[in-house]
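Structural features, examined
What follows is the residue order along each chain.
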Amino acid sequence: MSNGSSITEFLLLAFADTRQLQLLHFWLFLGIYLAALLGNGLIITAVACDHHLHTPMYFFLLNLSLLDLGSISTTVPQSMANSLWDSRAISYWGCAAQVFFFAFLVVAEYCVLTIMAYDRYVAICKPLHYGTLLGSRACVHMAAAAWGSGLVYAVLHTANTFSLPLCQSNVVGQFFCEIPHILKLSCLRSYLREVGLLVLSVCLAFGCFVFILFSYVQIFRAVLRIPSEQGCHKAFSTCLPHLAVVSLFVSTAAFAYMKPPSISSPVLDLAVAVLYSVVPPAVNPLLYSMRNQELKDALRKMMNGCF
């Protein structure tokens, strides 16, 4: 194929080739998707409705839940529909939309996770300056910067990726449209510009990771100096869920994009992609609510009000 204009659809990687396994994949993804909708929906509702949770930490958690809902809704419904209808096809523009929204939401989520690390750093290491550094206006500006960064990243990469001529085929080696797998379909020399953008993105992501790491080194040093056991426990209860979410997100994504080609295989690529694109939106609400008493109280109050 000489260029992208001759392609009307892409073929995604199938989870299974037998009808029974396709239906199993459909029901499994449906359960994960409903769990993500329920968990993130409850957090969004609790934070929005309970005035006790109108603080910077929960404002950023609300943003994270919105991004999680968006990211899982970008990839999972299409995959479920393909398994249900025994199909692998996605339209050219559907694929472009999937690349755009997934890049936008994942980058914005990573930025929000970085901001949340800063929020915890200020709350524990500089508590007297918390109201000044993280006032309502500052929080809105930081959240807007996170969403804006994701938007700019997605526009640049989507436009650049889909402007490249495709010389290979229309078979995408993943269960959703993703930039590295679209690049594999491009002409050998034409994707160097996009690779340069990806390298720059990796450098920026590594910078955010170093900032998160530095924040938590300072946080743990401060927490270990807290004299009261109750204060130490409260500090850990607000930090450990965020650290678990960041670790899951970064480790799986880093392995997916940086693993050596020698260990790459369709099954491994599929499993890792599920770990960084499907699992985090479903388990993040559980991680944040498990050790957070304020959030559990708000959810309990909301449930009692409904029933």
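Our subject is the structure that appears above.
Notes on the structure follow. Numbering of residues starts from 1 in every chain and runs along the sequence as written. Whole-chain, interface and lining totals are the exception, using all residues; otherwise, since this is a predicted model, local features are given only for residues with pLDDT of at least 70 and side-chain atom pairs are given and counted only at 80 or more. With hydrogens and water excluded, all non-hydrogen atoms of the structure serve as input to the side-chain values.

1. Some remarks on the environment of Leu38
The residue Leu38 is located in helix α1 (residues 19–49) in this model. According to the relative accessible area criterion, Leu38 is exposed, its value standing at 56%. Between the C-alpha atoms of Leu38 and Ala282, which are 244 residues apart in sequence, the distance is 9.0 Å. The way it works is that DSSP assigns letters per residue, a run of H or I at least four long becomes a helix, a run of E at least two long becomes a strand, and they are numbered from the N terminus. Classification of residues uses two cut-offs on accessible area relative to the type maximum, computed with a 1.4 Å probe and protein chains only: under 20% is buried, over 50% is exposed, and between them is partly exposed.

2. Comments concerning the nonpolar core
Only buried residues count toward a nonpolar core. Its members are Ala, Val, Leu, Ile, Met, Phe, Trp, Tyr and Cys residues joined through side-chain atoms within 4.5 Å. Phe60, Leu61, Leu113 and Met116 are the most contacted members of the largest nonpolar core, which totals 48 residues. Listed by contribution, the elements that provide at least two residues to this core are α1, α2 (56–84), α3 (92–125), α5 (136–161), α7 (192–223), α8 (229–258) and α11 (293–306). Here this core gets 15 residues from one element, more than from any other, and that element is α3. Ignoring sequence-local partners within four residues, the contact set of Phe60 consists of Val112, Ile115, Met116, Asp119, Leu134, Cys139, Met142 and Ala143. In this structure, Phe26, Tyr33, Val272 and Val274 belong to the second largest nonpolar core, which totals 19 residues. For this analysis, residues touch if any pair of their heavy atoms sits within 4.5 Å.

3. As for the state of the cysteines
The disulfide criterion is simple: two cysteine sulfur atoms within 2.5 Å. Enumeration over the complete set of coordinates arrives at 1 disulfide. Each sulfur in the disulfide pair Cys95 and Cys177 lies 2.0 Å from the other. When the S-S torsion is -120 degrees, as for the bridge of Cys95 with Cys177, the disulfide is left-handed. A residue pair is termed long-range when its members are at least 10 positions apart, and Cys95 in helix α3 and Cys177 in the loop between α5 and α6 (179–183) qualify at 82 residues. Its relative accessible area of 0% is what places Cys95 among the buried residues. On the accessibility criterion, Cys177 (1% relative accessible area) is buried.

4. Describing α1
The length a helix should cover is 1.5 Å for every residue beyond the first. Taking 1.5 Å per residue, 31 residues should reach 45 Å; α1 reaches 44 Å between its end C-alpha atoms and fits that length. Within α1, the full set of buried residues consists of Gln22, His25, Phe26, Phe29, Tyr33, Ala36, Gly39, Asn40, Ile43, Ile44, Ala46 and Val47.

5. Here's the deal with the pattern of salt bridges
A side-chain nitrogen of Lys or Arg and a carboxyl oxygen of Asp or Glu constitute a salt bridge if their distance falls within 4 Å. In the structure shown here, the tally under the stated rule is 3 salt bridges. Linking Arg120 and Asp119 is a salt bridge whose minimum nitrogen-to-oxygen distance equals 2.9 Å. Residue classification places Arg120 among the buried residues on the basis of a relative accessible area of 9%. Of the charged contacts, one joins Arg300 and Asp297 as a salt bridge, the two residues approaching to 2.9 Å between their closest N and O atoms.

6. With respect to the side chain of Ser65
When you line up the elements, Ser65 lands in helix α2. Given a relative accessible area of 3%, Ser65 falls into the buried group. Among the polar contacts listed, one links the side chain of Ser65 to the side chain of Asn40, at a separation of 3.4 Å. The definition of a polar contact used here is a pair of N or O atoms within 3.5 Å, where within protein one atom must be able to donate a hydrogen and the other to accept one, and adjacent residues in sequence count solely through side-chain atom pairs.

7. Structural notes on unusual backbone geometry
A negative phi angle is the norm for most residues apart from glycine, just as the trans form is the norm for most peptide bonds. Here the phi dihedral of Asp86 falls at roughly 55 degrees; this positive angle occurs in a residue that is not glycine. Take Asp86: it is sitting in the loop between α2 and β2 (89–91).

8. Here's the deal with α3
Under the 1.5 Å per step criterion, the end-to-end length of α3 is 49 Å for 34 residues, consistent within 8% with the ideal 50 Å. For α3, a buried count of 25 out of 34 residues is recorded, marking the element as mostly surrounded by other parts of the structure.

9. Some words on the packing of α1 against α2
Helix packing geometry: the angle between the two helix axes and the distance between the axes. Running from N to C, α1 and α2 cross one another at 160 degrees; their axes reach a closest spacing of 9 Å. Relative to α2, the element α1 lies roughly antiparallel. The two elements α1 and α2 meet at a crossing, and its hand is left-handed. Gly is placed with the polar residues, together with every amino acid not listed as nonpolar (Ala, Val, Leu, Ile, Met, Phe, Trp, Tyr, Cys and Pro) or charged (Asp, Glu, Lys and Arg). When grouped by side-chain class, the residues that make up the contact of α1 with α2 number 22 nonpolar, 7 polar and 2 charged. Axis definition: a line fit to C-alpha positions, over the contact stretch in the case of helices; interaxial angles, taken between N-to-C directions, run 0 to 180 degrees. Should an angle lie under 35 degrees it is considered roughly parallel, over 145 roughly antiparallel, and from 65 to 115 roughly perpendicular; all remaining angles are considered oblique. In this scheme the crossing of two helices becomes right-handed for a clockwise turn of the near helix relative to the far one and left-handed for an anticlockwise turn of less than a right angle.

That's the geometry; what it means functionally is another story.
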